[in-house]
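Structural description and commentary
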Amino acid sequence: MLNRLHDALRLRTSPTIFFGSALVIIAFVVLTLAFTESMDAFFAEGSTWVIDQLGWFYIMGVTVFLLFLVYLMVSRFGQVRLGADHERPEHTNLSWFSMLFAAGIGTILMFWAVAEPVNHFANPPRQGVEPASLEAATEAMGFTLYHFGLHTWTIFTLPALSFGYFMYKRNLPPRVSSMFQPLLGERIHGPVGRSIDILAIVGTLFGVAVSIGLGTMQINSGLARLLGISESALSQILIIAAVSLVASVSVALGLDRGIKRLSNTNILIAIGLLVFILVSGPTVMMLKGTVESAGTYLSMLPALAFWNDTLADTGWQSGWTVFYWAWTITWSPFVGIFIARISRGRTIREFVSGVLALPTLFSVIWFGIFGMGVFDIELNGGGGLVEAVVDEGDVPGAMFVFLENFPYSTVTSAVGVLIVVLFFITSIDSAALVMDTMGSGHEEEAPVHQRVFWVVAIGLIAAILLTATGATGLTALQNVAILIGLPFFVLGYVMIYSLLRALREDAGEVGVLPTRQWRRVLPPEEFRRRTSTGQVDEEVVVAPDYVHGSEPDNAPSIEHPEQPDYVLEHRTSTGSLTRVRGIE
């Protein structure tokens, strides 16, 4: 039945994964709207239990992932290229950085650039620090950079590296299940693999929806100050609809013509706003403070990387760090697979150092300048940020209250809204492109209406949860993100094992460094689809398999899997191949 529906809609994807993901998403939205209070209570209690009992596991997990990535970067595996050994990067460093940054945390940086330093300044995370003091300002920068520095990008880098390796070195489908091929083998196409992919798509949609909700509130707040537009449910629905329409056009144009151009444009505008704040504000203080903040971050990092607020047990960490990590990891598959796609041809050393260092450096500069501007206003100027953002709770308007203290505030506020909108669009179309890729299991261009479906789904769910149930809907979504984050953290450890095993199999246990070459793998339904049109290459397979004779002399042996009959009919290379279990 699913296949008939799939064909009737003229889709080109996996019916099980596509409709399974859609069913879970629809069920969540319907239940949230129909039983709001019960759903809120259920997810609130579940997320509270996870935070109280397993918050330490989240804190430890991200730090372990970071240490593993550093190990890979400095080890002999750092020379391995994400792709064939002769490949080189497709995108320039500037375009690469712009796309990975905009798709990663661009919207969040605009939202929290002012709001987070102000909050930590007024309410210091650690006991014994006087609020609104010089010490509070110093620690505020350390905690802010902890939340937006190496650890956040570690959450993106680990799955991105795993995607890059298994997609472009082993030529597996661009799905989360492919990262577990050393453990699952051909079962990546079976029920276990499909369940992993459905979880990844659903988690991605939840995580992106939270970001979209935050971005919508910030855009609405900016437009209210600029044009007098009310901060209402109708305004937010119209904002989401307009942005989703533009994102649909961008995702229809594809990666190079749509997302790449938007990302490059947006990062330049954001840098322009940053330079304006630096020049028109207390320039010397901002420069000195940025350098000092970098030192504060580095000095606090070893302790914060393992800090669990054990003795004081104030509950602060559950509302900030633990939520950040859980929320971020739910949409790490989307950012990860997107980063992998734009990073093909780079070595593991280039990849890890670039993805960790470049965005972190930008975050240090970004928060250093905005954070020092905040403290100058509060300590040396007229103040008002703490009152507006903390006391009155106007977190979405924090950036615009801040800009009112600088020249041409109307113009800069308009630019701020534009930046958020462009980051918003980039996040939606990047997520839609990635979810479509995970559903179809290949990177060839899918039907436009199929890609646009995911844009509409993201916008619709964000609008329903933000406006139909009010703040309660977003809170419920955040609680769900915390619960979904738990299995993703467990999968992170499996990723580490799987990636290490694959590297040792392909590069050999010792020495360097020709690598085992893997054949192109397609999902069964896509293989059959291409067979019917005569588009199947002789070397394409269904069960993951490598080219005989390409393995290094000192590499462990791996059995060639058994291919189904419909693969044998299109396969002319040598080797005794039999049927794959469970694939008919």
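Notes on the structure follow. None of these values were measured; they are calculated from a predicted model. Within each chain, residue numbers correspond to sequence positions counted from 1 in written order. Owing to the predicted nature of the model, reporting of local features is limited to residues with pLDDT of at least 70; listing and counting of side-chain atom pairs is limited to 80 or more, with chain, interface and lining totals taken over all residues. With hydrogens and water excluded, all non-hydrogen atoms of the structure serve as input to the side-chain values.

Considering helix H14 (residues 321-330)
For the record, the criterion: In this scheme, a residue with accessible area under 20% of its type's maximum is buried, one over 50% is exposed, and one in between is partly exposed, where area comes from a 1.4 Å probe on protein chains only. A run of H or I in DSSP becomes a helix once it reaches four residues, and a run of E becomes a strand once it reaches two; helices and strands are each numbered from the N terminus.
Within H14, 10 of the 10 residues are buried, which leaves the element mostly enclosed by the surrounding structure. Of all the residues in H14, the buried ones are Thr321, Val322, Phe323, Tyr324, Trp325, Ala326, Trp327, Thr328, Ile329 and Thr330.

Describing the packing of helix H6 (residues 134-148) against helix H16 (residues 348-379)
Quick reminder of the rule: Structural elements are reduced to axes, namely lines fitted to C-alpha atoms, with helices fitted over the stretch in contact, and the angle between N-to-C directions of any two is expressed from 0 to 180 degrees. Between 65 and 115 degrees an angle is taken as roughly perpendicular, under 35 as roughly parallel, over 145 as roughly antiparallel, and anywhere else as oblique. Crossing handedness is read from the near helix: turned anticlockwise from the far helix by less than a right angle, it gives a left-handed crossing, and turned clockwise, a right-handed one. Between two residues, a contact is recorded if the distance between any of their heavy atoms is within 4.5 Å. For this classification, Asp, Glu, Lys and Arg are treated as charged, while Ala, Val, Leu, Ile, Met, Phe, Trp, Tyr, Cys and Pro are nonpolar and the rest, including Gly, are polar.
For the pair H6 and H16, interaxial distance at closest approach is 10 Å and the crossing angle is 155 degrees. As the angle between them shows, H6 and H16 are arranged roughly antiparallel. Crossing angle aside, the handedness with which H6 passes H16 is right-handed. Of the residues in H16, those touching H6 at Leu134, Ala137, Ala140, Met141, Thr144, Leu145 and Phe148 are Ser363, Val364, Phe367, Gly368, Gly371, Met372, Phe375 and Leu379. Residue composition of the contact of H6 with H16, grouped by class: 11 nonpolar, four polar and no charged.

Quick notes on the pattern of salt bridges
Side-chain pairs of opposite charge can arise whenever the charged atoms involved come near each other. The test is simple: What makes a salt bridge here is a side-chain nitrogen of Lys or Arg within 4 Å of a carboxyl oxygen of Asp or Glu, nothing more.
By the definition in use, this model includes 13 salt bridges. One salt bridge connects glutamate 505 with arginine 170, and the closest N-O pair in it is separated by 2.7 Å. Here the residue glutamate 505 occupies a position in helix H21 (residues 471-507), and arginine 170 occupies one in the loop between helix H7 (150-168) and helix H8 (181-184), the gap between them amounting to 335 residues. The residues glutamate 505 and arginine 170 share a single accessibility class, namely buried. Of the charged contacts, one joins glutamate 404 and arginine 225 as a salt bridge, the two residues approaching to 3.8 Å between their closest N and O atoms. Within this pair, whereas glutamate 404 is found in the loop between helix H18 (398-403) and helix H19 (409-440), its partner arginine 225 is found in helix H9 (residues 191-227), the two being separated by 179 residues in sequence. Relative accessible area serves as the criterion here: at 35%, arginine 225 is assigned to the partly exposed category. In the salt-bridge network here, residues are joined through shared partners; they are Arg170, Arg501, Glu505, Asp506 and Arg516.

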